[in-house]
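Residue strings, one per chain:
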Amino acid sequence: MDHLMTYGSQSMTPPLKRVLMRAPGDSLRQAKAEDWHYGAGFDANRAIEQFGVFAGLVAASGAEIIWIEDTSDGLADAMFTHDPSLVTDKGAVILRMGKSGRMGEPDLHEAAYKSAGVPILGRIEAPGVVEGGDCIWVDENTLAVGRGVRTNQAGIEQLGAILAPLGVNVLGFDLPLGNGAEACLHLMSVMSPLDEKLALVYAPMLPVAFWQLLKDHGYTLVEAPDDEFAASNGLNLNVLALTPGEVIMVDGFPKTRALMEQAGCKVTAFNADALCIPCEGGPTCLTRPVWRE
Ligand SMILES: NC(=O)NCCC[C@H](N)C(=O)O
């Protein structure tokens, strides 16, 4: 069981020990912005450089990176490894994507887990869809799941059935439509865990029952400012905890940074104006934690 213990992640802030990532390469270079809903500022070569800086920060934290290779498979969004799978203390769940261009990604994750010795606990099947960005561990027995454009009720029910034997309660919360069906809006677009009971939120878009659940669990909520949420396409809110209270954010949002620092966090920022902001995914989205402990 020894090396098999090198997975498990039912909370989102303990030290990141192992993480699944995919460096963008030719698939991103070949991507047409309009096909992928990438916005102004998209520049594949600069995005690739910025990803390199981000991966350096993750590696410097001591986390082991399991790499999925970009084999020019045309899966431009596959750098956002947070979304096609979820890892529990008993193994990985292979998800099913709500964005049609991403349907090929879960198979890449399944293959990566097989070679890394991480068991596959289950798989979301049609008509269910669930994306990892919609899943938030409120505590190790409670998984909140956003019901929206990327995740549907059938998927939430399947996930609930897969996780019930682990004693995990899966709770669905309705998301707003936001900027429309083509845009990326996950539950994690409106909340990032920073420490065990500390989270950065964009309060106006939080599902009320989810906000109540966080309060009932004793969370302190740091509220991101409207202007930086708007200016960043929501990416000021997408913050990766490397360890409790030590986080990586996208550079350029000083008010959000100061609020996290006032709440006791150590913040590192990297420039992602060609990567995260146009491609609609931040530091959490670029990582699929496989082992946190
Ligand atoms: N967890 C996340 O928020 N992932 C971001 C994914 C961005 C990607 N362009 C997408 O639309 O799926």
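Right above here is the structure, for reference.
This report concerns the structure included in the present document. (Residues numbered from 1 in each chain as written. Predicted model: local features only at pLDDT ≥ 70, side-chain atom pairs only at ≥ 80, totals over all residues.)

This next bit is on the overall build of the protein chain. Helices and strands together make up the secondary structure of the protein chain, namely 9 helices and 15 strands. Relative to the globule expectation of 19 Å for 293 residues, the C-alpha radius of gyration of the protein chain, 17 Å, shows essentially globular dimensions. Every one of the 293 residues in the protein chain was classed for burial, and the buried ones make up 49%. Across the protein chain, every contact between residues at least 6 apart in sequence was considered, and the portion connecting residues at least 24 apart equals 71%. (Helix = DSSP H or I, 4+ residues; strand = E, 2+ residues; numbered from the N terminus. Rg over C-alpha atoms; globule rule 2.2 N^0.38 Å. Buried ≥ 20, exposed ≤ 12 C-beta atoms within 10 Å, placed from the backbone. Contact = placed C-beta atoms within 7 Å.)

Looking now at unusual backbone geometry. Residue Pro-127 is reached from Ala-126 by a cis peptide bond, and omega for that bond is 5 degrees. In this fold, Pro-127 is placed in the loop between strand S5 (120–123) and strand S6 (135–139). Although it is not a glycine, Ser-72 adopts a positive phi angle of roughly 60 degrees. Taking the number of C-beta atoms within 10 Å as the measure of exposure, Ser-72 has 11 and is therefore exposed. A positive phi angle, near 60 degrees, is found at Asn-233, a position not held by glycine. As for its position among the elements, Asn-233 is in the loop between helix H7 (226–231) and strand S12 (240–243).

On the basis of which strands lie adjacent, the open sheet formed by 3 strands has the order S6-S7-S8 and mixed pairing. Each of the sheet's edge strands pairs with one partner strand only, and the pair in question is S6 and strand S8 (169–174). Averaged over all adjacent pairs, the angle separating strand axes in this sheet is 30 degrees, with direction ignored. Here strand S7 (residues 142–147) pairs with S8 via 6 bridges, running parallel. Counterpart to Val-145 in the pairing with S8 is Gly-172. Strand contacts of helix H5 (residues 153–163): S7 and S8, with the helix running at about 165 degrees to S8, the strand carrying the most contacts. (Pairing = 2+ DSSP bridges. Axes fitted to C-alpha atoms, helices over the stretch in contact; angles between N-to-C directions.)

Either a parallel or an antiparallel arrangement is found when strands of a sheet pair, and the pairing is made through backbone hydrogen bonds. If you trace the 3 strands from one edge of the open sheet to the other, you get S3-S4-S5, paired in mixed fashion. On the outer flanks of this sheet lie strand S3 (85–88) and S5, each paired with one strand and no other. Geometrically, the sheet is characterised by an average inter-axis angle of 20 degrees between neighbouring strands, direction not taken into account. As paired elements, S3 and strand S4 (residues 91–94) share 4 bridges and run antiparallel to each other. Bridge assignment links Thr-88 to a residue of S4, and that residue is Gly-91. Each of S3, S4 and S5 touches helix H4 (residues 105–116); the most contacted strand, S4, lies at about 165 degrees to it.

The subject of this paragraph is the site of the ligand. What surrounds the ligand is a group of 15 residues, the closest being Phe-80, Gly-133, Cys-184, Gly-281 and Cys-285. Residue composition of the shell around the ligand, grouped by class: 5 nonpolar, 5 polar and 5 charged. (Near = placed C-beta within 6 Å. Nonpolar A, V, L, I, M, F, W, Y, C, P; charged D, E, K, R; others polar.)

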